[in-house]
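Listed here are the chains, written in short residue letters.
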Amino acid sequence: MLFLNRLSPRFSSKQLTHHVLALCLGTVGVVSTPLVWADAEVSVPENVIVLGIDGQETGNTGFFGTKHTSYRLPAGEHTITARYDRLFPLGEDHDVVRSKGVTIRTVLADQQVYTLGWQPEPDTHEEALAFVKQPTLIIKASNGQVVASQKGLKMQSTSVIASVMQGVNNLTTGSTTPAGTTLDRLQTLWDQATTEQRKQFKTWIDQQANK
């Protein structure tokens, strides 16, 4: 009591106890309050196949497989790997045009919506074949502003069906390409093709046999 009286004659021991208790509760409240970080949403259009996020595979299997239309990610820096993938009707036939994966790095803000896309977006089969040789992946904010952009590496093979057909032509036209190499390439492409693409290839083979 002597210490309390010396501290301040205006405070009784009961009043001081109340003040100390309130101060302690306020301090505990500040310390125990968690920091809340909201997620950002990344929308994925039809022609964008997300292959991986932050080094983790997404499980997407391509045009004819399961595909997510959006992802919710914590606010902060992320890397997203995606490829161009689109089915084009070609008269009675079809062709799937796809690119290699392009990895883009970006910082996402909390409670914001973003959209993955391609620049420029191809409209025709011919434009797509040229585009996927070196595609550019972009991320746009909800106001349309491009917040990140990444150009992919140059590539030559642009179409699964076209590559298989080229291999068949090499076998039937007396190409200088060694037969073993061409057959190996055809087998590899066949193993990589989806069930739908194999059906398309079989249809094309039947058409060639009837010519």
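Refer to the structure printed above.
Counting starts from 1 at the beginning of each chain's written sequence and moves along it residue by residue. The model is predicted, so local features are restricted to residues of pLDDT at least 70 and side-chain atom pairs to those at 80 or more, both for listing and for counting; the totals for chains, interfaces and linings are taken over all residues. Only hydrogens and water are removed before side-chain values are computed, so all heavy atoms of the structure are retained for them.

Colleague: Can you walk me through the environment of V102 in this structure?
Modeller: The numbering of helices and of strands both runs from the N terminus, where a helix is a DSSP run of H or I of at least 4 residues and a strand a run of E of at least 2. With respect to the helices and strands, V102 occurs in strand β7 (residues 102-108). For every residue, the accessible area (1.4 Å probe, protein chains only) is compared with the maximum for its type, and the residue is labelled buried under 20%, exposed over 50%, or partly exposed between those bounds. For V102, a relative accessible area of 2% corresponds to the buried category. Sequence separation of V102 and A82 is 20 residues, and the distance between their C-alpha atoms is 5.4 Å. Sequence-distant contacts of V102, that is, excluding residues within four places in its chain, are made with I80, T81, A82, W118, P135, L137, Q150, K151 and G152. Contact definition: two residues touch when any of their heavy atoms are within 4.5 Å.

Colleague: Help me understand the nonpolar core, please; the structure alone is not making it clear to me.
Modeller: Across soluble globular proteins, nonpolar side chains show a tendency to be buried alongside one another. If you look at the biggest cluster of nonpolar residues, it comprises 26 residues, and the most contacted ones within it are V50, I80, Y84, L116, W118, L137 and I139. When contributions to this core are tallied by element, the ones reaching two or more residues are β1 (39-43), β2 (48-53), β4 (70-74), β5 (76-90), β7, β8 (113-118), α3 (125-131) and β9 (136-141). Sorting elements by how many residues they give to this core places β5 first, with 4 residues. Among buried residues, the Ala, Val, Leu, Ile, Met, Phe, Trp, Tyr and Cys ones that are joined through side-chain atoms within 4.5 Å form a nonpolar core.

Colleague: Where do I start with unusual backbone geometry in this structure?
Modeller: Phi is mostly negative for residues that are not glycine, and the peptide bonds are mostly trans. Of the consecutive residues Q119 and P120, the connecting peptide bond is found in the cis state with omega at -5°. Along the chain, the position of P120 falls in the loop between β8 and α3. Phi is positive for D54, close to 55°, though the residue is something other than glycine. Mapped onto the fold, D54 is located in the loop between β2 and β3 (56-57). Taking relative accessible area as the criterion, D54 reaches 38% and is therefore assigned partly exposed. Despite not being glycine, Q111 shows a phi value in the positive range, around 60°. Position of Q111 among the secondary structure elements: in the loop between β7 and β8.

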